[in-house]
Amino acid sequence: MFSAPGKAFVAGGYLVLDPKYKAFVIALSSRMYAHAHVENGTGEHIEVRVKSPQFAEGEWCYKIDLSRPDRAEEIHGRGNPFVKSTIDVVLLYLAPKQTKRITVTIFSDPEYHSQKDSTPKTSKNGLKTLYFHSQPIHKVAKTGLGSSAGLVACLTTALLSCFSENFDVKSETTLNRIHNLAQVAHCHAQGKIGSGFDVAAATFGSIVYRRFDPQLVNRVIESWKNEDLVQLVDNTDWKIEHTKCCLPPGIKLLMGDIVGGSETPKLVSKVLEWRKKEPERSLETWTHLNSSNMRLVESLEKLQDLSKSQPETYKLSLRSLVEGNKSGFSDVVSSIQGIRRYLKIMTLESGAEIEPDQQTELLDYCMSLNGVLGGVVPGAGGYDAVCLLVAEEAIRDVVERTKDLSVTWLNLHEQETGIREEDVSSFIGFL
Ligand SMILES: Nc1ncnc2c1ncn2[C@@H]1O[C@H](COP(=O)(O)OP(=O)(O)OP(=O)(O)O)[C@@H](O)[C@H]1O
Ligand SMILES: C[C@@](O)(CCOP(=O)(O)O)CC(=O)O
């Protein structure tokens with residue numbers, strides 16, 4: 001069984017669409033899981049059955065002709081574009097010659113979806129609770145953790161593992177192969193080439209990310225040939241960057257769900273329109289915003305180093321932070337203030353509600369609390385969520401002091417690892 005983490009897009013929304021800029025994405029403890037069972041098949045077909053038992057009608061069964069391995073047919077006429085596209089891309093890449101019967105079972109941790117109309121169930125060993133929804137997957141509200149990226153990343157991994165003797169997700173080559181295939185499958189399913197930050201975080205974990213050239217993936221989707229896909233996946237420099245970066249000890253991420261919601265494509269199109277109409281002003285804003293984003297990354301790295309080279313000094317700074325003295329963390333605080341300043345300028349000038357006044361008020365209040373380094377609207381912003389960086393010891397107090405506000409803190413934290421192998425024992429009773 002393999003799993004991939006959800007994400008919080010802390011810094012670099014919009015800018016990440018342009019390979020000139022980098023973004024900072026934090027991987028989360030809420031994960032998507034894929035368990036594969038493989039048997040020898042008969043006849044001229046491969047059968048891939050994907051089950052997602054937490055959702056109504058959550059089973060898709062594809063028959064794949066060995067002579068056209070990239071064109072899976074769902075036998076009940078049910079659709080799941082992300083499942084289908086992943087099977088198509090992985091089989092186009094592998095061009096298998098032997099029949100097989102594969103069953104992949106998908107599970108997702110509770111925080112990916114709204115828990116409305118759902119029932120919790122706990123595994124036999126009592127370690128894992130999952131929510132079972134009465135609606136089909138496409139009708140269940142999402143929370144923004146990147147469910148399709150998580151699904152595509154762990155399904156790609158599970159399928160590859162069925163065709164490989166010594167499959168090891170700790171190998172860099174394997175991880176890059178998973179990433180590249182998952183990016184192609186995700187773009188193909190979405191019908192557009194996004195920045196891919198969510199797929200990269202699902203694969204590599206907490207990272208500073210620079211995107212790939214969309215033409216690379218476009219060309220392969222257009223040609224749809226095994227040799228072009230193999231060349232792209234195994235022998236092409238995508239020029240992406242995925243440098244590991246995580247929060248320093250004692251600092252935690254708090255993700256808050258906001259009642260409401262925003263449509264990312266509308267926000268993106270308003271921002272891109274503004275960029276076209278006001279090239280100079282928007283470039284100036286993006287340049288400042290990017291400096292603040294990169295200053296945040298650098299200051300987190302410095303704190304990480306300090307916590308190792310001078311652990312006592314670092315501990316004292318953390319202690320003071322909880323008591324309200326943020327001076328040991330001033331670079332993080334000021335870079336977050338910078339990020340917010342330029343996101344607000346983008347909001348006011350582009351008309352896209354990236355940090356609307358309601359979020360400004362909430363974030364300003366949170367920032368005034370002891371132990372809080374700062375908070376931002378993650379990703380594309382809007383009325384979806386907020387995230388805070390907080391001293392671990394102050395979390396309880398922050399939750400208490402915000403309990404009457406329109407924010408629900410989610411039960412998750414940073415978990416920096418990307419794809420990893422899982423022990424199935426926590427899933428006994430579900431499988
Ligand atoms: N657990 C799952 N089982 C099966 N399919 C899933 C699962 N999770 C996600 N999917 C697929 O991904 C689709 C959702 O992808 P979409 O791109 O609309 O959302 P998203 O941007 O990933 O959302 P979010 O970031 O809010 O999680 C679902 O309709 C389904 O096709
Ligand atoms: C606005 C954008 O940079 C981020 C969207 O992030 P999210 O889907 O809101 O987490 C678009 C993208 O990178 O695909």
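Residues numbered from 1 in each chain as written. Chains lettered and ligands numbered in written order. Predicted model: local features only at pLDDT ≥ 70, side-chain atom pairs only at ≥ 80, totals over all residues. Heavy atoms only, no water.

1. Considering the UniProt feature "domain: GHMP kinase C-terminal" (unreviewed entry) in the protein
UniProt annotation of "domain: GHMP kinase C-terminal" (unreviewed entry) refers to residues 337-394 when read in the numbering used here. Secondary structure across residues 337-394 comprises 43% helix and 21% strand; the distance between its end C-alpha atoms is 20 Å. (UniProt positions renumbered as here; feature names shortened; annotations may be inferred. Helix = DSSP H or I, 4+ residues; strand = E, 2+ residues; numbered from the N terminus.)

2. With respect to the site of ligand 2
In the vicinity of ligand 2, the contacting residues are K7, F9, G13, Y14, V16, L17, S195, F197, T264, V268, G379 and A380. Note that an oxygen atom of ligand 2 is positioned 2.9 Å from one of the backbone N or O atoms of Y14. S195 places a side-chain nitrogen or oxygen 2.7 Å from an oxygen atom of ligand 2. For the shell around ligand 2, the secondary structure elements donating two or more residues are strand 1 (2-11) and helix 7 (264-277). Residue classes in the shell around ligand 2 are distributed as seven nonpolar, four polar and one charged. (Near = heavy atom within 4 Å. Polar contact = N/O pair within 3.5 Å; in protein donor to acceptor, adjacent residues only side chain to side chain. Nonpolar A, V, L, I, M, F, W, Y, C, P; charged D, E, K, R; others polar.)

3. Overview of the site of ligand 1
Neighbouring ligand 1 are 18 residues, the closest being S52, N80, G144, S147 and S148. Contact between ligand 1 and S52: a nitrogen atom at 2.8 Å from a side-chain N or O atom of the residue. A distance of 2.9 Å separates an oxygen atom of ligand 1 from a polar backbone atom of G146. Every element with two or more residues in the shell around ligand 1 is listed here: strand 6 (100-108) and helix 2 (147-161). Per element, the largest residue contribution to the shell around ligand 1 is three residues, and it comes from helix 2.

4. Examining the UniProt feature "domain: GHMP kinase N-terminal" (unreviewed entry) in the protein
Summarizing the sequence annotation, UniProt attributes the feature "domain: GHMP kinase N-terminal" (unreviewed entry) to residues 142-205 in the numbering used throughout. In residues 142-205, the share of helix is 66% and the share of strand is 0%. The end C-alpha atoms are 20 Å apart.

5. Observations regarding the pattern of salt bridges
Taken as a whole and judged by the stated rule, the model has 22 salt bridges. A salt bridge links R49 to E47, with the shortest nitrogen-to-oxygen separation between them at 3.5 Å. Residue class for R49 comes out partly exposed when judged on its relative accessible area of 22%. Under the relative-accessibility criterion, E47 is labelled buried at 18%. (Salt bridge = Lys/Arg side-chain N within 4 Å of Asp/Glu carboxyl O. Buried < 20%, exposed > 50% of the residue type's maximum accessible area, 1.4 Å probe, protein only.)

6. Structural notes on the packing of aromatic side chains
As enumerated under the stated definition, the model contains ten aromatic pairs in all. Relative to F430, the ring of F132 has its centre 5.9 Å away and its plane inclined at 40°; by these criteria the two rings are tilted. Here the residue F132 occupies a position in strand 8 (residues 129-133), and F430 occupies one in the segment after strand 15 (420-421), the gap between them amounting to 298 residues. Since its relative accessible area comes to 14%, F132 is described here as buried. Relative to F430, the ring of F427 has its centre 6.5 Å away and its plane inclined at 65°; by these criteria the two rings are edge-to-face. The buried category is assigned to F427, whose relative accessible area is 1%. When the ring centre of F132 is taken as origin, the NZ or CZ atom of K121, which lies over that ring, is 4.4 Å away. Between R211 and the ring centre of F212, over which it is positioned, the NZ or CZ distance is 5.2 Å. (Phe/Tyr/Trp six-rings, centres within 6.5 Å; stacked < 30°, edge-to-face > 60°. Lys NZ or Arg CZ within 6 Å of the ring centre and 35° of its normal.)

7. Remarks on helix 2
For helix 2, with 15 residues, the first-to-last C-alpha span of 21 Å sits near the 21 Å given by 1.5 Å per residue. Counting buried residues in helix 2 gives 14 out of 15 residues, a clear majority hidden from the surface. (Expected span 1.5 Å × (residues − 1).)

8. Here we look at the pairing of strand 13 (residues 385-391)
Look at any regular strand and the pattern is simple: side chains alternate between the two faces of the sheet. Counting buried positions over the seven residues of strand 13 gives seven, a clear majority of the element. Relative to strand 13, strand 11 (residues 251-258) is paired through seven bridges, and the arrangement is antiparallel. Counterpart to K252 in the pairing with strand 13 is V390. Summarising the sheet, strand 12 (residues 372-376) and strand 13 pair through four bridges and their orientation is antiparallel. Its bridge partner being in strand 13, G375 is matched across the sheet by L388. (Pairing = 2+ DSSP bridges.)

9. Considerations on empty space enclosed by the protein
For the structure shown, the criterion picks out three cavities of 30 Å³ or more. Approximately 90 Å³ is the volume found for the largest cavity. Around the largest cavity, the lining is made up of 14 residues, and of these A11, G12, G13, L343 and G379 lie nearest the centre. Going through the elements one at a time, strand 1, helix 8 (279-309) and helix 10 (330-350) are the ones with two or more residues in the lining of the largest cavity. It is strand 1 that contributes the most residues to the lining of the largest cavity, three residues altogether. Tallied by class, the residues present in the lining of the largest cavity amount to nine nonpolar, five polar and no charged. Approximately 40 Å³ is the volume found for the second largest cavity. Contributing to the lining of the second largest cavity are V10, L296, I336, G374, G375, V376, C387, L388 and L389. (1 Å grid on protein atoms, 1.4 Å probe; cavity = no way out; pocket = protein on both sides within 12 Å on 5 of 7 lines; lining within 4 Å. Points joined across faces, edges and corners; volume = space filled by probe spheres on them.)

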